[in-house]
Amino acid sequence: MTLENSGSVARDHLASERTFLAYARTSLTIASTGVALVQLFTLSAETADTHSQRFARPLGAVMIALGMFTLGVGVMRYFVVQDALIRGVYPVARISASVLSFTLLSLILVVF
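Residues numbered from 1 in each chain as written. Predicted model: local features only at pLDDT ≥ 70, side-chain atom pairs only at ≥ 80, totals over all residues. Heavy atoms only, no water.

Q: So what's going on with the overall build of the chain? Residues and values would help.
A: When its secondary structure is counted, the chain shows 3 helices and 0 strands. Secondary structure elements in the chain, listed N-terminal to C-terminal, are α-α-α. Whereas a compact globule of 112 residues would reach a radius of gyration of roughly 13 Å, the chain reaches 19 Å, over 25% beyond that. Projected onto its principal axes, the C-alpha positions of the chain cover 65 × 20 × 15 Å. Taking all 112 residues of the chain together, 26% fall into the buried category. For the chain, the share of sequence-separated contacts (at least 6 apart) that also reach a separation of at least 24 residues comes to 68%. Distance between charge centroids for the chain: 6 Å, based on 8 positive and 6 negative side chains. (Helix = DSSP H or I, 4+ residues; strand = E, 2+ residues; numbered from the N terminus. Rg over C-alpha atoms; globule rule 2.2 N^0.38 Å. Buried < 20%, exposed > 50% of the residue type's maximum accessible area, 1.4 Å probe, protein only. Contact = heavy atoms within 4.5 Å. Lys, Arg positive; Asp, Glu negative; His and termini not counted. Charge placed at Lys NZ, Arg CZ, Asp CG, Glu CD.)

What follows is the structure, encoded as structure tokens:
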């Protein structure tokens, strides 16, 4: 697909691609945090006699699932924005950003 570069068409599409890459980077960070939490709780349980290891795998799985969900939101948002830019409009993302922020904040509060 080739679009006429009038005004800020190219800049808008490149910004959309950068936003998608930010979603991909964020999802990788969240999933890596899940793996790190499992390792941290496992090492903590080996050095001290705590029962925190039973929370390690479910918490890690939730973080990895949240990372995959974030990537899914990013992919969906990328294609929605590309379609909207072709039509000459721009959709505002309020709900997805709010849900992701609230979920991450909740998980941070649970962990710490």
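Next, the rest of the story.
Q: Break down the packing of aromatic side chains for me, with residues and values.
A: One pass over the structure, following the stated rule, counts 2 aromatic pairs. Look at Phe20 and Tyr78: their rings are 5.5 Å apart centre to centre, the planes differ by 50°, and that puts the pair in the tilted class. Taken as a pair, Phe20 in helix 1 (residues 9–47) and Tyr78 in helix 2 (residues 56–87) lie far apart in primary sequence, 58 residues in all. Using a relative accessible area of 25% as the deciding quantity, one classes Phe20 as partly exposed. Ring geometry for Tyr78 and Phe79: centres 5.3 Å apart, planes at 75°, overall edge-to-face. A connected cluster of aromatic rings, assembled from ring pairs, spans Phe20, Tyr78 and Phe79. (Phe/Tyr/Trp six-rings, centres within 6.5 Å; stacked < 30°, edge-to-face > 60°.)

Q: Which residues make up the environment of Val75, and what values do they have?
A: Structurally, Val75 is set in helix 2. Residue Val75 is classed as partly exposed on the basis of its relative accessible area of 32%.

Q: Break down the packing of helix 1 against helix 2 for me, citing the residues and quoting the values.
A: Interhelical geometry of helix 1 versus helix 2 gives an angle of 175° and a closest axis separation of 7 Å. By the angle class used here, helix 1 and helix 2 are roughly antiparallel. Split by residue class, the contact of helix 1 with helix 2 holds 21 nonpolar, 11 polar and 4 charged. (Axes fitted to C-alpha atoms, helices over the stretch in contact; angles between N-to-C directions. Parallel < 35°, antiparallel > 145°, perpendicular 65-115°, else oblique. Nonpolar A, V, L, I, M, F, W, Y, C, P; charged D, E, K, R; others polar.)

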